[in-house]
Amino acid sequence: MHEELNQFARNEVWFLVPRTDEMNIIGSKWVFKNKLDEDGVVTWNKARLVAKGYNQEEGIDYGETFAPVARLEDVRLLLSFACMSGLKLFQIDVKSNFLNGYINEEVYVDQPPGFEDHKHPNHVFKLKKSLYGLKQAPR
């Protein structure tokens with residue numbers, strides 16, 4: 001959980017602001033997952049902070065949604081082009097992919113459970129970048 005919050009700090013995902021009555025505040029929760037190796041043995045535990053985006057309403061909290069997917073034809077075309085051109089392709093796994101996209105809407109999220117700021121317990125985070133679980137995140 002600390003690693004996840006440190007990534008948020010490094011990427012400047014959010015900042016604390018005082019809570020007002022006009023704000024539509026989205027809750028947050030921790031999602032835990034065990035990562036297994038090929039033998040089914042737990043290699044490490046993963047914690048991810050997720051916004052409760054299911055509370056968002058279209059037209060009020062966001063305008064449109066987007067799901068980034070690659071069609072199989074596009075992948076085949078890329079592979080055949082790389083093969084014909086003699087290019088090497090590499091696959092990478094980006095840990096904090098969603099945290100790199102800026103959002104245009106004003107989105108406020110509750111402080112993470114168990115990690116509330118003791119100096120400002122009633123403040124909320126204003127997001128500068130996307131967070132898992134938001135309807136705007138994949139854009």
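Bear in mind that the values here come from a model prediction, so they are computed numbers and not experimental data.

> Lay out the nonpolar core with the relevant residues and their values.
Counting residues in hydrophobic clusters, the biggest one holds 15 residues, and the most contacted among them are L5, F8, W14, L49, V107, L127 and L131. Every element with two or more residues in this core is listed here: α1 (2-10), β4 (42-51) and β6 (124-127). No other element matches β4, which puts three residues into this core.

> Explain the packing of aromatic side chains to me, using residue names and the numbers behind them.
If you walk through the whole model with that rule in mind, you get three aromatic pairs. With a centroid separation of 4.9 Å and an interplanar angle of 80°, the aromatic rings of F8 and W14 are classed as edge-to-face. Assessed through its relative accessible area of 15%, W14 is described here as buried. The structure contains a cluster of three or more aromatic residues connected by ring pairs, namely F8, W14 and F125.

> Run through the sheet that holds β6, naming residues and quoting values.
Read from one edge of the open sheet, four strands run β1-β6-β5-β2, paired in mixed fashion. In this open sheet, the two strands that pair with only one neighbour each are β1 (14-17) and β2 (25-26). Where strand β5 (residues 108-109) and β6 come together, two bridges link them in antiparallel fashion. Each bridged residue has a counterpart across the sheet, and for V109 the counterpart in β6 is F125.

> Would you mind going over helix α2 (residues 72-85) in detail, with residue names and values included?
With 14 residues, α2 should reach 20 Å at 1.5 Å per residue; the first-to-last C-alpha distance of 20 Å fits that figure. The element α2 is largely exposed, with a buried count of one among its 14 residues. The positive-phi residue at the C-terminal boundary of α2 is G86, with phi of around 75°.

> Account for the pairing of strand β3 (residues 28-36), naming residues and giving values.
For β3 and β4, the ladder comprises nine bridges, and the chain directions are antiparallel. Bridging from a neighbouring strand, S28 pairs with A51 of β4. Where β3 folds back on β4, the antiparallel hairpin that results is connected by five residues, among which G40 adopts a positive phi of roughly 85°.

> Provide a residue-level description of the side chain of S28, including the pertinent values.
Structurally, S28 is set in strand β3. Residue classification places S28 among the buried positions, given a relative accessible area of 6%. A distance of 3.3 Å separates the side chain of S28 from the backbone oxygen of D110, its partner in a polar contact. Beyond its immediate chain neighbours, meaning those up to four positions away, S28 contacts L49, V50, A51, K52, V109, D110, Q111, P112 and P113.

> Describe α1, with residues and values.
In an α-helix, one turn spans 3.6 residues; hence positions three or four apart end up facing the same way. All of the buried residues along α1 are E4, L5, Q7 and F8. Along the axis of α1, the buried positions cluster into a sector of 155°, meaning they face one direction only. Seen from the buried face of α1, the exposed residues on the opposite side, beyond 90 degrees, are H2, A9 and R10. Immediately downstream of α1, the backbone of E12 shows phi near 50°, a positive value.

Parameters at a glance
- Residues numbered from 1 in each chain as written.
- Predicted model: local features only at pLDDT ≥ 70, side-chain atom pairs only at ≥ 80, totals over all residues.
- Heavy atoms only, no water.
- Core = buried A, V, L, I, M, F, W, Y, C linked by side-chain atoms within 4.5 Å.
- Buried < 20%, exposed > 50% of the residue type's maximum accessible area, 1.4 Å probe, protein only.
- Helix = DSSP H or I, 4+ residues; strand = E, 2+ residues; numbered from the N terminus.
- Phe/Tyr/Trp six-rings, centres within 6.5 Å; stacked < 30°, edge-to-face > 60°.
- Pairing = 2+ DSSP bridges.
- Expected span 1.5 Å × (residues − 1).
- Polar contact = N/O pair within 3.5 Å; in protein donor to acceptor, adjacent residues only side chain to side chain.
- Contact = heavy atoms within 4.5 Å.
- Arc of directions from axis to C-beta.

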